[in-house]
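Examination of the molecular architecture
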Amino acid sequence: MALIVHKYGGTSMGSPERIKNVAKRVAKWARAGHQMVVVPSAMSGETNRLLGLAKELAPSRVSTAYHRELDMLAATGEQASSALVAIAMQAEGLESVSYAGWQVPVRTDSSFTKARIESIDDKRVRADLDAGKVVIVTGFQGIDPDGNITTLGRGGSDTSAVAIAAAMKAAECLIYTDVDGVYTTDPRVVPEAKRLTTLSFEEMLEMASLGSKVLQIRSVEFAGKYKVPLRVLSSFTPVDIDVNEEAVSGTLITFEEDEKMEKAVVSGIAFTRDEAKISVLGVPDTPGIAYQILGEVAEANIDVDVIIQNLSKDGKTDFSFTVNRNDYQRTIDLLKDKVLPKLGAQEVVGDTKIAKVSIVGIGMRSHVGVASKMFRALSEEGINIKMISTSEIKTSVVIDEKYVELAVRALHKAFELDQA
């Protein structure tokens, strides 16, 4: 008998009919002899509805007290869906019980709206499993040292499910979504994109951080750290599909790198349109200049991605970097107000019409010429590269946003991913 964790996203929980299907699917696994823990998200649209109400009532100056109440409010979405799944399980003839994160408890730090899990006490859940019950635990939330309810940030139910699977040493954590696995790239951009049967944690981590929206990045970090096998599969496959067939469907994200993985030089192409480029021009080329610019940005809790410093000319240089587009104006204002006056730089310029396209693959470690093949494919399409960033298993380029789909299609073809 294996302990299995199922996580269901908001679309899987979108209506009473879909919740019945979730219960039928879980019941099928339980009847096959598995101990089942289920982690549901809130019903689709519910978290947005709740936070929209809070926004209408919010004070002009928000504080930690406001964010505490946001967590109290947002956590109710998962609490409702967990109780509904438990009721639907009972209608299937199985004993079930639902718990909020604080009842388990899932212990977190006190960073309201973006808390991090510190520990999980699984005694209560194990006792129920041993008594033959299906246990439903709210995703996305926990409790801090002061007894306050906290939430883990958007997509946090993925992290909850993986953390529970890690704490309880589950055989596998199945993430049910509205797609049937991880693809070589977005099928809406490249219809020939193929579903990957396996992917390494490193590749999935890179793809999640580079724009792939299938899994929340923190859930992949957690899974990699604690070696929890993850499987991404669809909740819209027929409910009565055989358990053994379902158990090998979708995409398995694993720490066991096999020869087949190594043969594929590039496993996938990720892209994001959420980037903005900022350049500080005419910066004195002196030691510590990068810190003087980026130190202020970091203190404002703004994440910096790709960084380039140009060659010095007449003791001056240009310094460019990218940030999330949502942070663009705040970063520009910060640099103009705090950094430029100190540095004596000429000006700050920016570009919000950029995108980042990345190739990812553990096979890149042992193959030469991968980056040059990427650059040639883009060159043949007349796409100019503005910035380049590399790691052991990925190469990213920043290009004009209008060319992003052309670039993805060209790279998908160049690396023969349609043959995967």
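Residue positions are given per chain, counted from 1 along the sequence in the order it is written. Only residues with pLDDT of at least 70 are given local features in this predicted model, and only at 80 or more are side-chain atom pairs given and counted; all residues enter the totals for whole chains, interfaces and linings. Computation of side-chain values covers all heavy atoms of the structure but excludes hydrogens and water.

Focus: the overall build of the protein
What counts, and what does not: To qualify as a helix, a DSSP run of H or I must reach at least 4 residues; to qualify as a strand, a run of E must reach at least 2; elements of each kind are numbered from the N terminus. What the globule rule says is 2.2 Å times the number of residues to the power 0.38, and the radius of gyration is computed from C-alpha atoms. Whether a residue is buried, partly exposed or exposed follows from its accessible area with a 1.4 Å probe, protein chains only, as a fraction of its type maximum: under 20%, in between, or over 50%, in that order. We call two residues contacting when some pair of their heavy atoms lies within 4.5 Å. Here the Shrake-Rupley method, with its probe set to 1.4 Å, supplies the accessible areas, and only the displayed protein chains count as covering residues.
Within the protein, the secondary structure is distributed over 13 helices and 20 strands. A globule of 420 residues ought to have a C-alpha radius of gyration of about 22 Å, and the protein, at 24 Å, matches this closely. Judged by the C-alpha coordinates and their principal axes, the protein covers about 80 × 55 × 30 Å. Relative to its full complement of 420 residues, the protein shows a buried share of 52%. Look at the contacts in the protein between residues 6 or more apart in sequence, and 76% of them connect residues 24 or more apart. Taken as a whole, the protein presents about 19,500 Å² of accessible surface, with 50% of it coming from carbon and sulfur.

Quick notes on the pairing of strand β12 (residues 251-254)
Heads up, the condition is: Two strands are counted as paired when DSSP detects at least two bridges linking them.
Along β12, one buried face is formed by Thr 251 and Ile 253 and the opposite face, lined by Leu 252 and Thr 254, is buried too. As paired strands, strand β10 (residues 198-200) and β12 are joined by three bridges and run parallel to one another. Looking at the pairing, Ser 200 lines up with Thr 254 of β12. In terms of strand pairing, strand β11 (residues 230-234) meets β12 through three bridges, oriented antiparallel. Paired with Leu 230 across the two strands is Ile 253, which belongs to β12.

Considerations on the side chain of Ser 82
Of note, Ser 82 is situated in helix α3 (residues 64-91). In this structure Ser 82 touches Pro 40, Ser 98, Ile 136, Val 137 and Thr 138, once residues within four positions along its chain are discounted.

Some remarks on the sheet that holds strand β14 (residues 275-284)
To keep things clear, this is the line we draw: As a rule, the C-alpha atoms of each element are fitted with a line to give its axis, helices using only the stretch in contact, and angles between N-to-C directions run from 0 to 180 degrees.
Strand order in the open sheet formed by four strands is β15-β16-β14-β17, with antiparallel pairing between adjacent strands. Looking along the sheet, the strands with just one partner apiece sit at the ends: β15 (304-309) and β17 (347-351). Neighbour-to-neighbour, the strand axes of the sheet open up by a mean angle of 20 degrees, direction not taken into account. Along the sheet, helix α11 (residues 328-343) makes contact with β14, β16 (316-324) and β17, crossing β14 at roughly 10 degrees.

Details of empty space enclosed by the protein
Using the following cut-off: Using a 1 Å grid laid over the protein atoms alone, points where a 1.4 Å probe fits but cannot get out form a cavity; open sets with protein on both sides within 12 Å along at least 5 of 7 lines form a pocket; any residue with an atom within 4 Å of a point counts as lining. Grid points are joined across faces, edges and corners, and a volume is the space filled by probe spheres set on the points.
Applying the stated criterion to the full structure yields one cavity of 30 Å³ or more. Looking at the largest cavity, the residues that line it are Val 104, Ile 120, Asp 122, Val 125, Val 137, Ile 164 and Met 168.

Topic: the sheet that holds β11
In sheet architecture, strand pairing relies on hydrogen bonds along the backbone and comes in two forms, parallel and antiparallel. Taking strand neighbours across the sheet as the criterion, the eight strands line up as β3-β6-β2-β1-β9-β11-β12-β10 in an open arrangement whose pairing is mixed. Strands at the two margins of the open sheet, each flanked by one partner only, are β3 (96-99) and β10. Strand-to-strand twist across the sheet, computed as the mean angle between neighbouring axes with direction ignored, equals 20 degrees. Packing against the sheet, α3 makes contact with β2 (35-40), β3 and β6 (134-137), and its axis sits at approximately 175 degrees to β3.

Regarding the side chain of Thr 138
The following threshold applies: N or O atoms closer than or at 3.5 Å make up a polar contact, with two conditions inside protein: a donor-capable atom paired with an acceptor-capable one, and, for residues adjacent in sequence, both atoms drawn from side chains.
Structurally, Thr 138 is set in the loop between β6 and β7 (141-143). Thr 138 sits in the buried class, given a relative accessible area of 1%. Polar side-chain contacts of Thr 138 include one of 2.7 Å to the backbone nitrogen of Gly 101. Aside from chain neighbours lying at most four places away, what touches Thr 138 is Val 39, Glu 78, Gln 79, Ser 82, Tyr 99, Ala 100 and Gly 101.

Focus on the nonpolar core
Most often, soluble globular proteins have nonpolar side chains that are buried together. As a reminder, the rule being used: To form a nonpolar core, buried Ala, Val, Leu, Ile, Met, Phe, Trp, Tyr and Cys residues must be joined to one another through side-chain atoms within 4.5 Å.
If you look at the biggest cluster of nonpolar residues, it comprises 44 residues, and the most contacted ones within it are Val 5, Val 37, Cys 173, Met 204 and Leu 230. Residue contacts for Cys 173: discarding those within four places in its chain leaves Val 5, Ala 161, Val 162, Ala 165, Val 228, Pro 229, Leu 230 and Arg 231. Counting 23 residues, the second-largest nonpolar core is a separate cluster that includes Ile 19, Ala 88, Leu 233 and Val 243.

Examining the packing of helix α1 (residues 16-31) against α3
Threshold: Roughly parallel means an angle under 35 degrees; roughly antiparallel means over 145; roughly perpendicular covers 65 to 115; every other angle is labelled oblique. A clockwise turn of the near helix away from the far one marks a right-handed crossing, whereas an anticlockwise turn of less than a right angle marks a left-handed crossing.
Look at α1 against α3: their axes get within 9 Å of each other, and the N-to-C directions meet at 60 degrees. Viewed along their axes, α1 and α3 adopt a mutual orientation that is oblique. In this structure, the crossing between α1 and α3 has a hand that is right-handed. On α3, the residues touching Ile 19, Val 22, Ala 23, Val 26 and Ala 27 of α1 are Leu 84, Val 85, Ala 88 and Met 89.

Some thoughts on the pattern of salt bridges
Quick reminder of the rule: Basic side-chain nitrogens of Lys or Arg form a salt bridge, by our definition, when they fall within 4 Å of a carboxyl oxygen of Asp or Glu.
Counted under the stated rule, the structure contains 26 salt bridges. Note that Arg 273 and Glu 405 form a salt bridge whose closest N and O atoms lie 3.0 Å from each other. You can see Arg 273 sitting in the loop between β13 (268-272) and β14 and its partner Glu 405 sitting in helix α13 (residues 404-414), a full 132 residues away along the chain. In this structure Arg 273 comes out as partly exposed when scored by relative accessible area, which is 30%. Its salt-bridge partner being Asp 351, residue Lys 386 comes within 4.0 Å of it at the nearest N-O pair. Within this pair, whereas Lys 386 is found in the loop between α12 (370-380) and β19 (387-391), its partner Asp 351 is found in strand β17, the two being separated by 35 residues in sequence. Judged by its relative accessible area of 28%, Lys 386 is partly exposed. On the basis of relative accessibility, which here comes to 23%, the residue Asp 351 falls in the partly exposed class. Each of Lys 24, Arg 31 and Glu 92 takes part in one network of salt bridges that share partners.

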